[in-house]
Every structure is written in C-alpha cells, then in structure tokens.
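# Secondary and tertiary structure notes
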Amino acid sequence: VQLQASGGGLVQAGDSLRLSCAASGRAFSTYDMGWFRQGPGKGRESVTTISRSGSNTYYADSVKGRFTISRDNAKNTVYLQMNSLKPEDTAVYYCAAIIRRIVLVGLNPRDIDYWGQGTQVTVSS
C-alpha cells in the first residue's frame, strides 16, 4: 500500500484546512484508515480513524467536534476536515492504513501497517 498525503499549510487560529490522502496498491475498501500527528517534541498520536466501509469513525478527545474524517472508496482517498484550528493542532499529520482487523480506538503507532509521508500543518495564534 502506498499513501500520499497532501493539503497541509500555514493557517491562523480559527481557520479550516482539509487534508487528503490518496492510496494505491491494494483494494482501498479492504483496510481501515486513520490520521496521526506528531507535534514539536512530542510522540506520534492517533487523531482519528475510519473503518473500511466508512460506517464507523473514532476521534481523539482533543479534536472531537472540530475534525471530521471521511473516505471515498471510489476515489481511494481519505480526508480530514479540520475546523476551528488551534495552535496546539500544529504538527506533522500522517495518514495511516490498518490492514488487520483490530479495534480502532486508542491506536498507537505500532498498530499501523502503512504510513504516508506526512504533511505539515502550522496554526498561528
């Protein structure tokens, strides 16, 4: 599986941004997807995940109500709509593929089978 993330940038607090991650190499509907992030001096943390059918989504408490994950299986793409951005959302965002059927809550990096290359999101105050 190859993952290509895009859409990062520099925005102001309160702004919105949409990240995309295009997948290839394996039937997209056969694996779950997620977004992780790694802020300056911090470890990589799970932000949100979506099941392979798109029917189930999970969010970290820090982004609930502000971020929305979605996927278009016809386009082999997963999206992360980020609204009401805060300076603490500043991080490199990574899309991730989970091939094995595992619980999609509380994931850590070792649960991920494939990573995208990361896209920088910077939120200024």
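Residues numbered from 1 in each chain as written. Predicted model: local features only at pLDDT ≥ 70, side-chain atom pairs only at ≥ 80, totals over all residues. Heavy atoms only, no water.

Looking now at the overall build of the chain. Along its length, the chain carries 0 helices and 11 strands. Beginning at the N terminus, the succession of helices and strands in the chain can be written as β-β-β-β-β-β-β-β-β-β-β. The C-alpha extent of the chain, read off along each of the three principal axes, is 40 × 25 × 25 Å. For the chain, the residues scored as buried account for 44% of the 125 residues in total. Considering only contacts in the chain between residues 6 or more positions apart, those separated by 24 or more positions represent 57%. A distance of 4 Å separates the average location of the 14 positive side-chain charges in the chain from that of its 9 negative side-chain charges. (Helix = DSSP H or I, 4+ residues; strand = E, 2+ residues; numbered from the N terminus. Buried < 20%, exposed > 50% of the residue type's maximum accessible area, 1.4 Å probe, protein only. Contact = heavy atoms within 4.5 Å. Lys, Arg positive; Asp, Glu negative; His and termini not counted. Charge placed at Lys NZ, Arg CZ, Asp CG, Glu CD.)

The next point concerns a nonpolar patch on the surface. The grouping of Tyr58, Val103 and Val105 at the surface amounts to a nonpolar patch, some 280 Å² of accessible area in total. Inspection of the secondary structure assignment puts Val103 in the loop between strand 9 (91–98) and strand 10 (114–115). Val103 sits in the exposed class, given a relative accessible area of 63%. (Patch = residues over 30% accessible without salt bridge, like charges linked within 9 Å, V, L, I, M, F, W, Y side chains within 5 Å. Areas by Shrake-Rupley, 256 points an atom, 1.4 Å probe, with all protein chains shown as cover. Salt bridge = Lys/Arg side-chain N within 4 Å of Asp/Glu carboxyl O.)

In this section: the nonpolar core. Ranked by internal contacts, the top residues of the largest apolar core, which has 28 residues, are Met33, Trp35, Met82 and Tyr93. Contributing elements (two or more residues each) for this core: strand 1 (2–6), strand 3 (17–24), strand 4 (32–38), strand 5 (44–50), strand 7 (67–72), strand 8 (77–82), strand 9 and strand 11 (119–124). The contacts of Met82, once residues within four sequence positions are left out, are Asp15, Ser16, Leu17, Leu19, Arg66, Phe67, Tyr93 and Val121. (Core = buried A, V, L, I, M, F, W, Y, C linked by side-chain atoms within 4.5 Å.)

This brings us to the sheet that holds strand 7. Taken together, the 4 strands give an open sheet; going across it, the order is 1-3-8-7, and neighbouring strands pair in antiparallel fashion. Here the strands that pair on one side only, and so sit at the sheet edges, are strand 1 and strand 7. Direction aside, neighbouring strands of the sheet carry axes that sit 15° apart on average. For strand 3 and strand 8, the ladder comprises 6 bridges, and the chain directions are antiparallel. (Pairing = 2+ DSSP bridges. Axes fitted to C-alpha atoms, helices over the stretch in contact; angles between N-to-C directions.)

Of the two faces of strand 11, only one is covered, namely that formed by Thr119, Val121 and Val123; the face formed by Gln120, Thr122 and Ser124 stays uncovered. In terms of strand pairing, strand 2 (residues 9–12) meets strand 11 through 4 bridges, oriented parallel. The residue of strand 11 that forms the bridge with Gln12 is Ser124. Sheet topology note: the strand 9/strand 11 ladder contains 3 bridges and is antiparallel. Bridge pairing links Ala91 to Val121 in strand 11.

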